[in-house]
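So you can see what is in the structure, the chains are spelled out below.
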Amino acid sequence: MIRVIVTEHYQELSQKAAQLLAAQLQKKPDSVIGFATGSTPIGMYKELINSYNRQEISFDKMSTFNLDEYVGLTKDHPQSYYHFMQEQLFSHINVRLENIQFPPGIFTDADRACQSYEDAMKAAGGVDLQILGIGVNGHIGFNEPDQQFTLYTHIVELAQKTIESNARFFGSEDEVPRRAITMGIKSIMDARSILLLASDRNKAEAVQQIFSGKVEPQIPATVLQLHPDVTLVVDREAASLLNEEFQTGGVCVW
Ligand code: PGA
């Protein structure tokens, strides 16, 4: 089931998403939260920091797993996703360092690194709430369009387009890592609930495709149609290609 919440603008989207995460932690303070990097959740993370500073929320018992990481970057590399999460959220709240789990960017045995991450998620009791962004091509995590779904945590070769697009964050294109480690489609689908955020007109096609009625690995996010508990929080622009019933705002169930 996909619940769609259409908001007026990015700030409202961020507030709504933060409220949903806060509600999860209220219900279950020791929730396991799957976090995502990218520009879309930054506003939500700011809202959570504000709530924490107002002493409305505690992250003391929360455990975290992130979706993906660049291969070859150490945790303290300024472009690592670990560093991003520290900067954007973790260092500002009272999450415990030992409760933060990340797919490793540095490893000697890739298979073992991927399996250990899957094992760690299982040992933690599974992810309660997974936050997701969506790529303009429908990717989720680093699961890019492909001939088939890759189910579990795995290593991906970055597409040339992704390398070019991410070069702006690095000194030059040569410095962009060529590979990433990412949760697979089943790792994501195993989360008890999913919160997907999409903002801006350039995400409208990808958002529309989530409701295509077809599940296809060429548009990875289409798999979400099979999940029992997805909440999609979108702003008006990202919702602009959805059917009329979604345009009225508020909540729609698909
Ligand atoms: P964005 O990335 O939030 O920076 O748009 C989302 C994604 O590619 O998953």
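Fair warning: this is a prediction, and the values are worked out from it, not measured in the lab.

A. Focus on the sheet that holds strand S7 (residues 154–157). Reading across from one edge, S4-S8-S7 is the order of the 3 strands in this open sheet, with antiparallel pairing throughout. Edge positions in the sheet fall to strand S4 (68–70) and S7, since each of these pairs with one other strand and no more. For this sheet, the mean angle separating the axes of adjacent strands, direction not counted, is 25°.

B. Spatial organisation of the side chain of His 227. Among the structural elements, His 227 can be located in the loop between helix H7 (204–209) and strand S10 (230–235). The class of His 227 is buried, set by a relative accessible area of 2%. Within the structure, the side chain of His 227 is placed 2.7 Å from the backbone oxygen of Ala 191, a separation counted as a polar contact. Leave out the neighbours within four places in its chain, and His 227 touches Met 1, Met 189, Ala 191, Arg 192, Ser 193 and Ile 194.

C. Representation of helix H3 (residues 81–88) within the structure. Among the residues of H3, those classed as buried are Tyr 81, Tyr 82, Phe 84, Met 85 and Gln 86. Looking at the buried side of H3, the elements it contacts are strand S2 (32–35), helix H2 (42–53), strand S3 (63–66), S4 and strand S5 (100–101).

D. Structural detail: the site of the ligand. Neighbouring the ligand are Gly 38, Ser 39, Thr 40, Gly 133, Ile 134, Gly 135, His 139 and Lys 203. Within the contact set of the ligand, an oxygen atom lies 2.8 Å away from a side-chain nitrogen or oxygen of Ser 39. The contact in question runs from an oxygen atom of the ligand to an N or O atom on the side chain of Lys 203, over 2.6 Å. Against a free-state accessible area of 280 Å², the protein chains account for coverage of 73% of the ligand. If you map the ligand onto the pockets, it falls in the largest pocket. Each residue belonging to the shell around the ligand can be placed in one class, and the counts come to 1 nonpolar, 6 polar and 1 charged.

Thresholds applied
- Residue indices begin from 1 for each chain and proceed along its sequence in written order.
- Local features in this predicted model are restricted to residues whose pLDDT is 70 or higher, and side-chain atom pairs enter the listing and the counts only when it is 80 or higher, whereas totals over whole chains, interfaces and linings include all residues.
- Heavy atoms from the whole structure form the basis of all side-chain values; hydrogens and water molecules are not counted.
- In short, DSSP must find at least two bridges between two strands for them to pair.
- Segments assigned H or I by DSSP are reported as helices when at least four residues long, segments assigned E as strands when at least two residues long, and all are numbered from the N terminus.
- Here the axes come from fitting lines to C-alpha atoms, over the contacting stretch only for helices, and the angles between their N-to-C directions go from 0 to 180 degrees.
- Whether a residue is buried, partly exposed or exposed follows from its accessible area with a 1.4 Å probe, protein chains only, as a fraction of its type maximum: under 20%, in between, or over 50%, in that order.
- Throughout this description, a polar contact denotes any pair of N or O atoms lying within 3.5 Å of each other; where both atoms belong to protein, one of them has to be capable of donating a hydrogen while the other can accept it, and for residues adjacent in sequence the pair is counted only when both atoms sit in side chains.
- Contacts: residue pairs with any heavy atoms within 4.5 Å of one another.
- Each residue is tested against the molecule or strand, and it is near if at least one of its non-hydrogen atoms lies within 4 Å.
- Values of accessible area rely on a 1.4 Å probe in the Shrake-Rupley scheme; residue burial ignores everything except the protein chains shown.
- Using a 1 Å grid laid over the protein atoms alone, points where a 1.4 Å probe fits but cannot get out form a cavity; open sets with protein on both sides within 12 Å along at least 5 of 7 lines form a pocket; any residue with an atom within 4 Å of a point counts as lining.
- For this analysis, a molecule is said to be in a pocket or cavity if more than half of its atoms are within 2 Å of the grid points defining it.
- Gly falls in the polar group here, along with every residue not listed as nonpolar (Ala, Val, Leu, Ile, Met, Phe, Trp, Tyr, Cys, Pro) or charged (Asp, Glu, Lys, Arg).

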